[in-house]
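Inside the fold
Spelled out, the chains give:
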Amino acid sequence: MINKYEIIIIIICAASFATPIMADSYWQVSNGNWGNDLNWDPASEPGCSTYTYINNSGTAEITEDGETCFHLYLGYSSSDIGNVYMTGGSLTAEACTPSNTGKETIGRYGEGTFTQTAGINSIGYGLTLGSSLGSSGTYELSGTGQLSINRLGWVGYHGTGEFIQSEQSTATIGQVLYIASEADSKGTYELSDDAQLTVYNDEYIGYRGTGAFTQTGGIHSVIDYFILGHESSGDGSYDLSGTGQLTAKYEEVGKSGTAVFKHSDGTNNFDVTLKLAVDSNSEGTYNLSGAGQLTSTTGSELIGIRGLGTFIQTGGTNNTYQICLGNYSGSNGTYTISGGDINVENFTVASYDGSIGTFNITHPDANVTVYNQLKIRSGSIFTAVPESKIYMTGSNFINQSIDPNKVMGLSNLEFIFQSSSEDIDFFEVAGEDIGATYLGFNKNFALRTLRVGDVNTGKIRLIDSDDNQPNSTEAEALYVTNLILGADSSLDLNGLNLYYSYFTDMGGIIITNGGNLIQVTSFAPGDFNENNQVDFLDFAIFGNAWRSQPGDDNWNDRCNISETADNVINELDLTVFCENWFDWTIP
């Protein structure tokens, strides 16, 4: 009978046979083929139980199938340099047993470069470029080269890492890619041509360090989270241009750190959310320009979750389901558009109590189309330059602001309501009803132009569901400088008053339901061109009449606006003009 001591000895012996004995192998020549035994010390090419070192500034060339090692080091010590040049064949970095433990470290303490133009490089666990402080590691993947990492990739762990991928090459990472992992690291990734990078879980650019990704072509797919600036020390940037394509389920620009996404061409498609400035004290910026396309069929762009989020659009197209500016108390989200197109189902400014949301239209060439609802909440700021437009295509306008000074952009805005359906759109009125006077256009949620019906007919109904005038118990009203009603379009006053300066009726229908459509024929002193704004156009008229008197060629009686008309255009008239200038233009 076998006693217990014999059983223990048997188990120990079995374990010793199951676990291979690891060995070291060192590259000995300046340049040569990996598969030549004589190029290594000891004189045998590495295997699955070998720690493999290239430290002598030499280059090992891989051209044949079946090359293996357990852990590859290029540039192990601080003064070491090591290189691999792979033009074909295959290299597998994996232990004999257990699996998923093989590694490649390019620049452990020194400097390493791995250049691959063809063949297959398979790594059981992870690839590290620039492992330690002061080290540097570079991976150049081109041609038809294939890189497969079963678990993790680090481009800059504590050191400096650089990954350059081009042509028809492919790289796949089974779990997570870190670009600039630790606080003292730097990492860069360049993706171009028709190359493909696929990360099957998460990708972090600037996890704790400074990471940058430049994509001018190729396809970059992240199955789960794509995050720039993850920790508070993290600084991440992404530059998407050319024919590049980026796809991810979740995108975060500035998780706890600082991040910038520059998008001048190519496409960025996210599935669920794009978040800018997620945590407190974070900063996230997205710049959309040129021919860039940002797309999500059902996703939400949340700008300013708890930090400072900024979206700047000078061109390109933003097609998305939802945009929310300012999403939690204390957050700040800003969207500024001067060119390009926004096509969105739902747009909410200051979406959470205590948040600040700012929407700026800074050029009339900007195209904004809302398909379901535009909501301006209490923490909203809205500015717009003259001739700005928002197309409301089957969309409701909800105004919950109680401070007209913060949404003065309405006084420059043209709302265009139209729809191919028979649905009626709601328009929330917010102004204090002070009757048929030009004072109703002064800081009172007044609108420059309301157009009902354009290419398609429009149908809107005024509503007063929110209390925008907390100091008044009366029903609120809408003041509009230009009211345009298209053929076969309808405007339902719904028992409310709408005051206008100019009305163009092209064959539409007015439904009063107890409300009134009233023209305001008086204008503020200084509003010489009668557009309900005292601005530079009026200043030009006033300047032309300066110092004139009756009988002069440049005399203009309308500029004689001093409290006591003295028949001379002088400083007394200028005083009145200036008083109204500050009251009647956007601050």
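Just so it is clear, the structure is predicted and the values come from calculations on it, not from any experiment.

**Observations concerning the environment of isoleucine 303**
- Structurally, isoleucine 303 can be placed in strand S31 (residues 300–303).
- Taking the C-alpha atoms as reference points, isoleucine 303 and leucine 274, 29 residues apart in sequence, are found 8.0 Å from one another.
- The contacts of isoleucine 303, once residues within four sequence positions are left out, are Leu276, Gly309, Thr310, Phe311, Ile323, Cys324, Leu325, Gly326, Asn327, Gly333, Thr334 and Tyr335.

**Description of the packing of aromatic side chains**
- Here the structure, examined in full by the defined rule, presents 42 aromatic pairs.
- Aromatic side chains tyrosine 53 and tyrosine 73 sit 5.2 Å apart centroid to centroid with 10° between the ring planes, which places their arrangement in the stacked category. With a gap of 20 residues between them, tyrosine 53 in strand S4 (residues 50–54) and tyrosine 73 in strand S7 (residues 71–74) connect regions that are remote in the sequence.
- Ring geometry for phenylalanine 528 versus phenylalanine 577: centroids 5.9 Å apart, planes at 10°, classification stacked. Linking phenylalanine 528 in the loop between strand S49 (516–519) and helix H2 (536–544) with phenylalanine 577 in helix H3 (residues 571–584), this pair joins segments that are 49 residues apart in sequence. In this pair, the class of phenylalanine 528 matches that of phenylalanine 577, namely buried.
- Above the plane of the ring of tyrosine 328 lies arginine 306, whose end atom (NZ or CZ) is 4.1 Å from the centre.

**Remarks on the state of the cysteines**
- Enumeration over the complete set of coordinates arrives at 1 disulfide.
- Here cysteine 48 connects covalently by a disulfide to cysteine 96, the sulfurs 1.6 Å from one another. Where cysteine 48 bonds to cysteine 96 through sulfur, the torsion about that S-S bond is close to 80°, and the disulfide is right-handed. Remark: cysteine 96 occurs in the loop between strand S9 (90–93) and strand S10 (103–106) and cysteine 48 occurs in the loop between strand S3 (40–41) and S4; sequence separation between them is 48 residues.
- Given a relative accessible area of 26%, cysteine 48 falls into the partly exposed group.

**Focus: the layout of surface pockets**
- Counted as a void, the largest pocket has a volume near 180 Å³.
- Lining the largest pocket are Pro386, Glu387, Ser388, Lys389, Asn412, Glu414, Arg448, Thr449, Asn531, Gln533, Asp535 and Leu537.
- Those elements that place two or more of their residues in the lining of the largest pocket are strand S39 (388–393) and strand S43 (447–452).
- Counted by class, the lining of the largest pocket contains 2 nonpolar, 5 polar and 5 charged residues.

**Description of unusual backbone geometry**
- The peptide bond linking aspartate 41 to proline 42 adopts the cis configuration, its omega dihedral lying at 0°.
- Note on placement: proline 42 falls in the loop between S3 and S4.
- With an omega of -5°, the peptide bond between threonine 97 and proline 98 qualifies as cis.
- Looking at the secondary structure, you find proline 98 in the loop between S9 and S10.
- Even without a glycine there, the phi angle at asparagine 513 is positive, about 50°.
- Turning to its location among the elements, asparagine 513 is positioned in the loop between strand S48 (509–511) and S49.
- Within the chain, asparagine 567 stands out as a residue other than glycine whose phi angle is a positive 60°.
- As for its placement among the helices and strands, asparagine 567 is situated in the loop between H2 and H3.
- We classify asparagine 567 as partly exposed; its relative accessible area is 41%.

About the criteria used
- Residues numbered from 1 in each chain as written.
- Predicted model: local features only at pLDDT ≥ 70, side-chain atom pairs only at ≥ 80, totals over all residues.
- Heavy atoms only, no water.
- Helix = DSSP H or I, 4+ residues; strand = E, 2+ residues; numbered from the N terminus.
- Contact = heavy atoms within 4.5 Å.
- Phe/Tyr/Trp six-rings, centres within 6.5 Å; stacked < 30°, edge-to-face > 60°.
- Buried < 20%, exposed > 50% of the residue type's maximum accessible area, 1.4 Å probe, protein only.
- Lys NZ or Arg CZ within 6 Å of the ring centre and 35° of its normal.
- Disulfide = S-S within 2.5 Å.
- 1 Å grid on protein atoms, 1.4 Å probe; cavity = no way out; pocket = protein on both sides within 12 Å on 5 of 7 lines; lining within 4 Å.
- Points joined across faces, edges and corners; volume = space filled by probe spheres on them.
- Nonpolar A, V, L, I, M, F, W, Y, C, P; charged D, E, K, R; others polar.

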